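Secondary and tertiary structure notes
Residue-level listing of the chains:
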Amino acid sequence: MKHWLLLLIPAIINAQDFTTLLKLSQNNLQLQAKSQEVKAKKALYKLEQSKNYPTLDAKLSAIYLKDTPSMNFNLPFAGMPPKIEVGKRPNYTGEVGLSYPLFTGFAISNLIEKAKLDFEKTKLEKKDAKRKLYMNIASLYGSLYALNHAITANKDAYKAIDDAWKKASGFYKAGLLSPADLANIKAKKYEITANQKGLENQRENIKKLLSYITTTTINNKTILPKIKLPTKEILIQEALNKRADILALQKMLNMDESDIKLAKSTYMPNIALIGALKLQGDTLKLNGDGFTNPNKSYIGASMEWKLFDGFTTKHRTDAAKAKKMARILLLKDYQKNIQTTLENQINTLQTLILQKEAKKAQYDATQSYYKLTYGRFSNHLASSDELSRSIASKATAKAQLEKIISEIFTQKCKILLESSLKEFEENLSL
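Numbering of residues starts from 1 in each chain and follows the order in which that chain's sequence is written. For this predicted model, a pLDDT threshold of at least 70 governs which residues receive local features, and a threshold of 80 or more governs which side-chain atom pairs are given and counted, while totals over whole chains, interfaces and linings are taken from all residues. The side-chain figures draw on all heavy atoms in the structure; neither hydrogens nor water molecules are used.

Here the axes come from fitting lines to C-alpha atoms, over the contacting stretch only for helices, and the angles between their N-to-C directions go from 0 to 180 degrees. Counting from the N terminus, the helices are the DSSP runs of H or I reaching at least four residues and the strands are the DSSP runs of E reaching at least two. At their nearest, the axes of helix 4 (residues 107-173) and helix 8 (residues 312-378) sit 11 Å apart, and the two run at 15 degrees to each other. Between helix 4 and helix 8, the interaxial angle falls into the category roughly parallel. Between helix 4 and helix 8 lies a crossing of left-handed hand. From helix 4, A160, D163, A164, K167, A168 and F171 reach across to helix 8, where they touch Y370, Y374, F377 and S378. Oblique is the label for every angle not falling under 35 degrees (roughly parallel), over 145 degrees (roughly antiparallel), or within 65 to 115 degrees (roughly perpendicular). By convention, the crossing between two helices is left-handed when the near helix turns anticlockwise from the far helix through less than a right angle, and right-handed when the turn is clockwise. Here, residues are in contact when the closest pair of their heavy atoms is within 4.5 Å.

Structure below.
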C-alpha cells in the first residue's frame, strides 16, 4: 500500500527544492524498469541454486500391446505347446524417481556463483543509473535557477527602460528630445520584451524535462543548497573504491573467472545418484501381471566422463581467459579515465569560482554605470542610446553572475557524483 501511495504522491506535489526532486526521481520509469531487472536476476540466481538440490519426479504410463507377449519354442518332441504366454497386453507402470547430481566437476557451483554475481552486478547498475539520473537533474536544476534569475534581471531591465521611456516621452513633448532618441528607447523596450518571451520558453522546456524525469509538476521556485566538497584525494579514492560502475565491472571480472572454471569443469566426470520406487501390473492397482514381479524399484549411480571432445573444452577455456584479460585492461583504463575526469572537473570548478568574482565585480560596475547614466540622461547629459546600453549591460551582467553561480552548483554536484553516489547523498542528507 505504501508503495502505491509513493507512486501517486508525485502527481499532486509541486516540487520546489533540489533534494525533493532527487527523492521523487525514485519513481522515474527507467529506474523502475531497472528495479524489475534486479528482481529478474534475483529469480535467475535462485533458479541456479535449485540445480544443487535433488529432483523428484512422478510418472504413470499405460500401454496396450497389439499382441499378447509370448515366447516361441522349437522342441523335438510332441506334446509341448510351441508358444507360451509370458505377459499380458495391458501394461501399467507407476514410478516415483529421485536423482541427485553428486558431482558435476563444480559446474553447478560455478553457475550458481555466476548468477549471484550477475544479480549483484545488476543492483550496482541500478545504483549507477540513479547516479546518472541525479547528474541530469542537477544540470537541469542549475539551468532552471539561471533562467529564473535571467528572467528576473530582464524584468528589472524592462521596468528601467519603461521608466526611461516615460521620462523620454516628457522630454520629447517639451521639445528636449529628438524623435530618433525616443524611437531608440521604444525599440529597446520591444527587444527586452522579445528576450523575456524567449527566456520563458527556455524555462518551460527545462521544467518539462524535469517533470518527465521526476514524474511530478515543477514550479518556478529554485533554491540552490550549499555543497561542501571533500579534498581531491578523498574524491578520487571514493571514486576508485566505491563508484557503482567500477564495482559492476569488478563483478563482471569475477563472472569471467566463473566462466573459466565452468569451462574447465568439463574436464571432470559427472556423477549422479539415481533411485526410484517403481511398480507395474496389468491394472492400475500395479500389483503385477502374473508373470513378472510387480516391484521393479531400484537404486544406482551413473558416471559420465568425456575422454576427448575435439579440444572443445580447451578452446572454450582459452576464450574465457582472453575475455577476462580484456576485462582487466578495460577496468584499468576505466579507472584512469575516471581519475582524469575528476581532476579536470575540479580544475573547471576552480576556474568557475574565479569567474564568479569577475562577474560580481562586473555587475557592480554596470550597476554604478546605470545609476550614473540615468542621472546624466535626466539632466540631458547622456543620449537615449547610452541609457539603453547601460540598462542592457546591467541586466546581462546580473544574468551572467547568476549563471556562473548555477554552474558552480552544477559542477559541485558533478564532482560529487563522479566520485560516488554515496558521497553525493551524504552531502545532501538524502
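So, next bit.
We now examine helix 5 (residues 179-214). The span one expects for a helix is its residue count, reduced by one, times 1.5 Å. With 36 residues, helix 5 ought to run about 52 Å at 1.5 Å a step, and its terminal C-alpha atoms sit 53 Å apart, in line with that. T215 sits one or two positions beyond helix 5 and adopts a positive phi of about 55 degrees.

Right, let's talk about the packing of helix 4 against helix 9 (residues 384-419) for a bit. As a packed pair, helix 4 and helix 9 sit with axes 9 Å apart at the nearest point and diverge in direction by 170 degrees. Considering their axes alone, helix 4 and helix 9 lie roughly antiparallel with respect to each other. As helix 4 packs across helix 9, the resulting crossing turns out to be right-handed. Class assignment of the residues belonging to the contact of helix 4 with helix 9 gives a composition of 20 nonpolar, six polar and six charged. The nonpolar class holds Ala, Val, Leu, Ile, Met, Phe, Trp, Tyr, Cys and Pro. Asp, Glu, Lys and Arg form the charged class, and all remaining residues, Gly among them, are polar.

Turning next to a positive patch on the surface. Patch rule: a residue counts if its relative accessible area is over 30% and it has no salt bridge; like charges are joined within 9 Å, and nonpolar side chains (Val, Leu, Ile, Met, Phe, Trp, Tyr) within 5 Å. Accessible areas in this description were obtained via Shrake-Rupley with a 1.4 Å probe; residue shielding takes into account the shown protein chains only. Salt bridges are counted wherever a side-chain nitrogen of Lys or Arg sits within 4 Å of a carboxyl oxygen of Asp or Glu. For the purpose of counting charges, residues Lys and Arg are taken to be positive, whereas Asp and Glu are taken to be negative. His and the chain ends are not included. Charge positions are represented by NZ for Lys, CZ for Arg, CG for Asp and CD for Glu. A cluster of basic residues, K42, K46, K123, K127 and K422, forms a positive patch on the protein surface. The set of elements that each furnish at least two residues to the positive patch consists of helix 3 (29-50) and helix 4.

With that settled, consider a nonpolar patch on the surface. A contiguous nonpolar patch, built from M71, F73, I84, V86 and F291 and spanning about 390 Å² of accessible area, is present on the exposed surface. Assignment of secondary structure puts M71 in strand 3 (residues 70-72). Assessed through its relative accessible area of 42%, M71 is described here as partly exposed. Burial classes: relative accessible area under 20% of the type maximum marks a residue as buried, over 50% as exposed, and values in between as partly exposed (1.4 Å probe, protein chains only).

Think of it this way: a Phe, Tyr or Trp ring, Trp meaning its six-membered ring, pairs with another when their centres are within 6.5 Å, and the plane angle makes it stacked under 30 degrees, edge-to-face over 60, tilted otherwise. Inspection of every chain in the model, using the stated rule, returns 10 aromatic pairs. Seen from their ring centres, F18 and F424 are 6.5 Å apart, and the 85 degrees between their planes marks the pair as edge-to-face. Placement of F18 in helix 2 (residues 18-24) and of F424 in helix 10 (residues 421-427) is noted, with a sequence separation of 406 residues between them. Neither F18 nor F424 differs from the other in exposure class; each is buried. Ring centres 6.0 Å apart and planes at 40 degrees place the aromatic pair Y370 and Y374 in the tilted group. With Y370 and Y374 both in helix 8 and four residues apart, this pair spans about one turn of that helix. Here Y374 falls in the partly exposed class, since its relative accessible area comes to 24%. Three or more aromatic residues link up through ring pairs in this structure, and these residues are F18, Y134, Y141, F409 and F424.

Let us now look at helix 8. Between its terminal C-alpha atoms helix 8 stretches 94 Å, which fits the 99 Å expected from 67 residues at 1.5 Å a residue. Of the residues flanking the end of helix 8, it is H380, one or two places downstream, whose phi is positive at about 60 degrees.

With that settled, the discussion passes to unusual backbone geometry. Backbone geometry follows two general trends: most residues other than glycine have a negative phi, and most peptide bonds adopt the trans configuration. Even without being glycine, F106 reaches a positive phi, approximately 70 degrees. Mapped onto the elements of the fold, F106 is located in the loop between strand 5 (90-103) and helix 4. Residue F311 is not a glycine yet carries a positive backbone phi of 65 degrees. Tracing the backbone through its elements, the reader meets F311 in the loop between strand 8 (298-304) and helix 8.

Side chains that differ in sign of charge can pair as their charged atoms come close. All chains considered together, the criterion is met by 31 salt bridges. Across the pair D245 and R131 runs a salt bridge whose closest N-O atoms are separated by 3.6 Å. Of this pair, D245 sits in helix 7 (residues 244-264) while R131 sits in helix 4, placing them 114 residues apart in sequence. Neither residue differs from the other here; D245 and R131 are each classed as buried. Via salt bridges that share partners, K34, E37, K41, D118, K121 and E125 belong to a single interconnected network.

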